[in-house]
Amino acid sequence: MADHIGQHGVGHTEMHDVYKAWHPPGNPKTSCCNNADCRPTRAYVDDNGTWRAWNGLFWLVVPPERLLPTDFAGDGRSHLCESAGHIYCFTPAPPRS
């Protein structure tokens, strides 16, 4: 199966088995993943302490209620579940020293 390329970027396929079990914090009945919206991403904390994640087009502000624990994917990278600018879930990479 080839990685989905385009609007959602590359990387979903390699982590699909991890993503499919993710739920937004506080809402275990809803999934973060619809088989195309989760992938590894770049991210940073801005001067206000807010996470921002790259969706391939824009730096999106991550709402605190969509923030999963650090390194939730277990691979040391940030991951974003997002569609059309709406963030379903985000997990940051561990801090670098």
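Residues numbered from 1 in each chain as written. Predicted model: local features only at pLDDT ≥ 70, side-chain atom pairs only at ≥ 80, totals over all residues. Heavy atoms only, no water.

Trainee: Sorry if this is basic, but what is going on with the pattern of salt bridges here?
Mentor: Proximity of charged atoms lets side chains of opposite charge pair with each other. The tally for this structure, following the rule as stated, stands at three salt bridges. Glu82 is the salt-bridge partner of Arg39, the closest N and O atoms lying 2.7 Å from each other. Here Arg39, found in strand 1 (residues 38–41), pairs with Glu82, found in strand 5 (residues 78–83); they are 43 residues apart in sequence, far enough to count as distant. Residues Arg39 and Glu82 agree in their burial class; the two are buried. A salt bridge links Arg52 to Asp46; the nearest nitrogen and oxygen atoms lie 2.9 Å apart. (Salt bridge = Lys/Arg side-chain N within 4 Å of Asp/Glu carboxyl O. Helix = DSSP H or I, 4+ residues; strand = E, 2+ residues; numbered from the N terminus. Buried < 20%, exposed > 50% of the residue type's maximum accessible area, 1.4 Å probe, protein only.)

Trainee: When you look at the pairing of strand 6 (residues 86–91) in this model, what are you seeing that I'm missing?
Mentor: Side-chain direction in a regular strand flips from residue to residue, so the side chains alternate between the two faces of the sheet. Here five bridges tie strand 5 to strand 6, and the two strands are oriented antiparallel to one another. Within the sheet, the bridge partner assigned to Glu82 lies in strand 6 and is Ile87. Linkage of strand 5 to strand 6, two consecutive antiparallel strands, is achieved through a turn of two residues, within which Ala84 is found at a positive phi near 50°. (Pairing = 2+ DSSP bridges.)

Trainee: Looking at this structure, how should I read the state of the cysteines?
Mentor: As used in these notes, a disulfide is a covalent bond between sulfur atoms, one from each of two cysteines. Overall, the coordinates contain two disulfides when judged by the stated rule. Two residues, Cys32 and Cys89, share a disulfide whose sulfurs are 1.5 Å apart. Remark: Cys89 occurs in strand 6 and Cys32 occurs in the loop between helix 1 (12–19) and strand 1; sequence separation between them is 57 residues. Look at Cys89 and you get buried, because its relative accessible area is 0%. The partner cysteine of Cys38 in its disulfide is Cys81, sulfur to sulfur 2.0 Å. Since a negative S-S torsion denotes a left-handed disulfide, the Cys38-Cys81 link at about 110° is right-handed. Placement of the pair is Cys38 in strand 1 and Cys81 in strand 5, with a sequence separation of 43 residues. Going through the protein in sequence order and numbering each bonded cysteine, the pairs you get are 1-4, 2-3. (Disulfide = S-S within 2.5 Å.)

Trainee: Looking at this model, I keep getting lost on the environment of Ala93. Mind explaining?
Mentor: Structurally, the position occupied by Ala93 is in the segment after strand 6. Along the sequence, Ala93 and Asp75 sit 18 residues apart, while their C-alpha atoms lie 8.3 Å from each other. Ala93 has contacts with Thr70, Gly76, Arg77 and Ser78, leaving out every residue within four places of it along the chain. (Contact = heavy atoms within 4.5 Å.)

Trainee: Just checking my understanding: could you explain the sheet that holds strand 1 for this structure?
Mentor: Paired through their backbone hydrogen bonds, the strands of a sheet run either parallel or antiparallel. Within the open sheet, the three strands sit side by side as 1-5-6. Their pairing is antiparallel. In this open sheet, the two edge strands, each paired with only one partner strand, are strand 1 and strand 6. Pairwise comparison of adjacent strand axes, ignoring direction, gives a mean angle of 30° for this sheet. With four bridges joining them, strand 1 and strand 5 adopt antiparallel strand pairing. (Axes fitted to C-alpha atoms, helices over the stretch in contact; angles between N-to-C directions.)

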